[in-house]
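Now for the letters of each chain:
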Amino acid sequence: MKRVAKERMVLLLIGALCVPLTSLMRGSVARADNSTQAATTVLQPPAIRIVKPTVAIDPKDFDGFVPAPVAGGK
Amino acid sequence: MNTKQHITLSLTVSLTAALLSCGPAQHKTSSQRSAGIGPGGTGDAASQTNAGVSSSTAAAAAAAAAAADQARALALTGCYKDYPAAQGGLRSLSNDQIANVLTDITGVDLSTILAGLPRREQGTKFPNAALAGPLASSFIDKWADTAFSVAAALAADTGFIQRFGGNCVDAANPACVQRVIKRLGTLLWRRPVDPSTAAQLADLFKNPNVSGAPAFALGVRQMLEVALLDAHFLYRIEAVRDPATVIQPLDTFEVASRLSFFIWQSAPDLPLLMKASSGELADPAMIAQEVDRLLLDPRAERGFRQFAFDWLALGKLDALKLPAATAGTKPVSFDAPALREQAFSFLTANLLRSSGSVQKAFSSSVPNQDPSLVGLLALPGVIGGLSVADVTNPVKRGLFVNVRLLCHDVPPPPPGAGAFKAETLALDVTPRERLDKHLTNPSCATCHTTVDAIGLSLESLDAVGALRSQYSSRKNIDASGVLTFDGQAQPFKVTAEMLKILGQSKDVQTCLASTLAEFAWGAPPGTANTCELSSLPQPGAATNVNSWSGMVRALANTPTFLQRINDGVKP
């Protein structure tokens, strides 16, 4: 399979199924300056909500697993 | 089904299902929500922020920290009224992050293979601000080659196979196959492997032409090829869970990744993933606890070094080319890696591993430097990168201090503006005499009045940071001036005096907090972030609050860090 085609497939999938990609990009970078029109609207209660996952890691999959030694520094 | 077909399948299926898991048509996301995703926050902003204080400190310090946290919590509550632009959605890993993730998970040195990855243009102070959105096809193309090499190297490493397979390395045994898939997939993708994906990956272990250990290794190799090309490896993906809402909550796995990539520049480790899996990471107290744990880990030094490298542009040191000593001149000793390492050590000791105020980085004496010179500007590894050959460049230095240490906006020079060149600086005219021309031209003076004044105040430090009193022309150096710090004009006569004033100023500490916020959030703070920034530890707060760990804890509790914006909704 041509790799470029893979990339395009990725973009197509993102574009077709999700929030428009350009919007995502705007949300991450461009809006960091002063274009905060959407961001200044309060649409939910003033509390940080973090959702819990529906799919969990089964601890048994990691029974006896020894992680790689931690390497510090650069 | 062969590997390439599986890669296609993976890109098609896993990207479709997982890449963002977003939009109203995403039945998986909807069913996930109806299946039990609920409000994970267990308290208001005050209780969340109160939880960020370590109880291990002395009682008095803890009380002071709690009071400061209470104040921040109150400030944060107000921040929701003008909620800033949260970052999120789709963010690709930087090359360094890819290397860190693979090293941390596999324990195998893959640096030679990964060195071939093309560098990506940043155009920003921190690379994470430039990594929002999709990767370029040229990078994906190169990454595919690299990923295949990584997979081959790992599959050939018996230690790696042993670590992930243990005593169960039989490709014909479904339990062995499922276990290695779950272990590798969970760690590489930073979330659980769903059963249908695991089943698809298991097909890669069915290779009729080989048997025994080689069959298992081949399966691992093919699985890795798929896993490394998957969007869940290359991107940090944050889903839209409620398409009608602007402000989107993160799930606990997304929070885990935000924390680990902020503090370690790498993937969450297994303990952090387990806290996410159990839902414990929805509790602000657990987030604070994990922040402390991550900061104590050696990987925090790597993340900190990345911050320091980008913050202080320490890479510029490599571009400094000093001329060889000629007859009658004193040879200049210059070892870029050693000077950079000295800078890292100083910053690590006075910021990351210091329990005191971040002010120490600007006011502590520097090893092997004249005792009168204090703060990070006196580090040869920092100041050396701002020189041109063996002469100083006051404009570069002034710009650096203005932008990087004081967070002042300095517009780019107008078209046609000149630049300093080493040969012109070598003339028998002092930089102060030359820069005076800026002040006689109104269009130059607007910016150069401040920029040049700071640059000239550092003239007693030569090109590599050594203290001097004369130029090579034997003219005496005049580093005196008047600069405004903390809103007050402060005169000084020599460089050491200016460094001392700078070290005591609140402006540099406030700028550092803003800079760290940019690093944490992945984008420069804007006017909408003013409220959040004001909730961070302030200069003059108790030292354990205004410490590096205090700042990191506070940032990990900000709305921008813990939520994202859904740009698909327009108010």
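All of these numbers come straight from a predicted model, not from anything done at the bench.

A. Here's a closer look at the overall build of chain A. From N to C terminus, chain A includes 2 helices and 1 strand. Looking at chain A as a whole, 36% of its 74 residues are labelled buried.

B. Representation of the overall build of chain B in the model. Within chain B, the secondary structure is distributed over 28 helices and 6 strands. Expressed as a percentage of the 571 residues in chain B, the buried residues total 57%. Considering only contacts within chain B whose residues lie at least 6 apart along the sequence, 69% involve residues at least 24 apart. A total of about 21,800 Å² of accessible surface is found on chain B, and carbon and sulfur atoms cover 56% of it.

C. Spatial organisation of the side chain of Gln306(B). All names here are of chain B. Among the structural elements, Gln306 can be located in helix H16 (residues 299-311). Note on Gln306: relative accessible area 13%, which makes it buried. Of the polar contacts made by the side chain of Gln306, one reaches the side chain of Asp310; its length is 3.0 Å. Apart from residues lying up to four places away in sequence, Gln306 is in contact with Asp96 and Gln265.

D. Region of interest: the state of the cysteines. All names here are of chain B. All told, the structure shown has 2 disulfides over all chains when counted by the stated rule. Between Cys407 and Cys511 runs a disulfide, and the two sulfur atoms are separated by 2.0 Å. Its S-S torsion of approximately 80° makes the covalent link between Cys407 and Cys511 right-handed. Pair noted here: Cys407 is in the loop between helix H20 (394-405) and helix H21 (422-425) and Cys511 is in helix H25 (residues 506-521), with a separation of 104 residues, a long-range link. For Cys407, a relative accessible area of 32% corresponds to the partly exposed category.

E. Representation of the sheet that holds strand S3 (residues 247-251) of chain B in the model. The 3 strands are arranged S1(A)-S3(B)-S6(B) in an open sheet whose pairing can be described as mixed. Two strands in the sheet have a free side with no partner beyond their single neighbour: strand S1 (50-51) of chain A together with strand S6 (563-565) of chain B. Sheet topology places S3(B) next to S6(B); 3 bridges connect them, and they run antiparallel. The residue bridging Ile247(B) from the neighbouring strand is Ile565(B), located in S6(B).

F. Representation of the confidence of the model for chain A in the model. When the pLDDT values of chain A are averaged, the result is 57; 32% of them are 70 or greater. Contacts of residues 15-45 of chain A to residues separated by more than four positions or lying in other chains number 73 contacts, the stretch itself having pLDDT below 50.

G. The packing of aromatic side chains, seen in detail. Residues and elements named next belong to chain B. Inspection of every chain in the model, using the stated rule, returns 14 aromatic pairs over all chains. An angle of 45° between the planes, with centres 5.0 Å apart, marks the rings of Phe160 and Phe164 as tilted. With a gap of 4 residues between them, Phe160 and Phe164 both fall in helix H8 (residues 158-165), about one helical turn apart. Overall, Phe160 belongs to the buried group, its relative accessible area being 1%. A residue is classified by how much of its surface remains accessible, and Phe164, at 1% relative accessible area, is buried. Its guanidinium or amino end placed over the ring of Trp264, Arg299 lies 3.9 Å from that ring's centre, counting from NZ or CZ.

H. Structural context of the environment of Phe65(A). Mapped onto the elements, Phe65(A) comes out in the segment after S1. Exposure remark for Phe65(A): the relative accessible area of 10% places this residue in the buried category. Filtering out sequence-adjacent residues up to four positions away, Phe65(A) remains in contact with Arg163(B), Phe164(B), Arg183(B), Leu187(B) and Leu270(B).

I. Quick look at the side chain of Gln369(B). Positionally, Gln369(B) belongs in the loop between helix H18 (360-363) and helix H19 (380-383). At 2.8 Å, the side chain of Gln369(B) forms a polar contact with the backbone oxygen of Gly465(B).

J. Expanded view of the packing of H20(B) against H25(B). Residues and elements named next belong to chain B. Where H20 contacts H25, the two axes come as close as 8 Å, and the packing angle between them is 65°. Of the residues in H25, those in contact with Val403, Arg404 and Leu405 of H20 are Asp507, Val508, Cys511 and Thr515. Across the contact of H20 with H25, the residue classes break down as 4 nonpolar, 1 polar and 2 charged.

K. Seen up close, the confidence of the model for chain B. All names here are of chain B. Of all residues in chain B, 79% have pLDDT values of 70 or greater, and the mean over the chain is 81. No element of chain B has a lower mean pLDDT than helix H2 (residues 27-34), which averages 26, and none a higher one than helix H14 (residues 270-277), which averages 98. Scored below 50 in pLDDT, residues 1-57 shows 135 contacts in the model against residues more than four places distant or in partner chains. Residue range residues 81-86 is modelled with pLDDT below 50. Its contacts to residues more than four positions away, or to other chains, number 27 contacts. Scoring the predicted complex yields pTM 0.80 and, for the interface, ipTM 0.75.

L. Inspection of helix H13 (residues 252-263) of chain B at higher detail. Residues and elements named next belong to chain B. In a regular helix each residue adds 1.5 Å, so 12 residues correspond to 16 Å; H13 covers 16 Å between its end C-alpha atoms and thus fits that length. In terms of burial, H13 is largely enclosed, as 12 of its 12 residues are buried. Every buried residue belonging to H13 is among Thr252, Phe253, Glu254, Val255, Ala256, Ser257, Arg258, Leu259, Ser260, Phe261, Phe262 and Ile263, and all of these are buried. For H13, the side-chain oxygen to backbone nitrogen distance between the N-cap and Phe253 is 3.0 Å, and the N-cap itself is Asp251. In the segment just after H13, Gln265 is the residue with positive phi, at about 60°.

M. Structural detail: the pattern of salt bridges. All names here are of chain B. One pass over the full model with this rule turns up 20 salt bridges over all chains. Note that Asp269 and Arg293 form a salt bridge whose closest N and O atoms lie 2.9 Å from each other. Note that Asp269 is positioned in the loop between H13 and H14 and Arg293 in helix H15 (residues 284-296), a separation of 24 residues in sequence. Judged by relative accessible area, which is 27%, Arg293 ranks as partly exposed. Taken together, the shared-partner salt bridges connect Asp269, Lys275, Glu290, Arg293, Asp297 and Arg299 into one network.

N. Fine view of the packing of helix H7 (residues 137-155) of chain B against helix H11 (residues 212-229) of chain B. Residues and elements named next belong to chain B. Between H7 and H11, whose axes approach to 8 Å, the crossing angle comes to 150°. In terms of orientation, H7 lies roughly antiparallel with respect to H11. Pair H7 / H11 crosses with right-handed handedness. Contact with H7, carried on its side by Trp143, Ala144, Ala147, Phe148, Val150, Ala151, Ala152, Leu154 and Ala155, involves Ala217, Arg221, Leu224, Glu225, Leu228 and Leu229 of H11 and no other residues of that element. When the residues that make up the contact of H7 with H11 are grouped by side-chain class, the tally is 13 nonpolar, no polar and 2 charged.

O. Looking closely at the pairing of strand S5 (residues 488-492) of chain B. Residue and element names in this part refer to chain B. In this structure, strand S4 (residues 481-485) lies alongside S5, joined through 5 bridges in antiparallel fashion. Pairing of Thr484 across the sheet is with Ala489, part of S5. Between the end of S4 and the start of S5, which pair antiparallel, lie 2 residues, with Asp486 showing a positive phi angle near 55°.

P. Inspection of the nonpolar core at higher detail. Formed by 138 residues in total, the largest nonpolar core has its most connected members in Trp143(B), Trp311(B) and Leu376(B). No other element matches the 10 residues that H11(B) contributes to this core.

Rules used throughout
Residues numbered from 1 in each chain as written. Chains lettered and ligands numbered in written order. Predicted model: local features only at pLDDT ≥ 70, side-chain atom pairs only at ≥ 80, totals over all residues. Heavy atoms only, no water. Helix = DSSP H or I, 4+ residues; strand = E, 2+ residues; numbered from the N terminus. Buried < 20%, exposed > 50% of the residue type's maximum accessible area, 1.4 Å probe, protein only. Contact = heavy atoms within 4.5 Å. Areas by Shrake-Rupley, 256 points an atom, 1.4 Å probe, with all protein chains shown as cover. Polar contact = N/O pair within 3.5 Å; in protein donor to acceptor, adjacent residues only side chain to side chain. Disulfide = S-S within 2.5 Å. Pairing = 2+ DSSP bridges. pLDDT = per-residue confidence, 0-100. Phe/Tyr/Trp six-rings, centres within 6.5 Å; stacked < 30°, edge-to-face > 60°. Lys NZ or Arg CZ within 6 Å of the ring centre and 35° of its normal. Axes fitted to C-alpha atoms, helices over the stretch in contact; angles between N-to-C directions. Nonpolar A, V, L, I, M, F, W, Y, C, P; charged D, E, K, R; others polar. Expected span 1.5 Å × (residues − 1). Salt bridge = Lys/Arg side-chain N within 4 Å of Asp/Glu carboxyl O. Parallel < 35°, antiparallel > 145°, perpendicular 65-115°, else oblique. Left-handed = near helix turned anticlockwise from the far one by under 90°. Core = buried A, V, L, I, M, F, W, Y, C linked by side-chain atoms within 4.5 Å.

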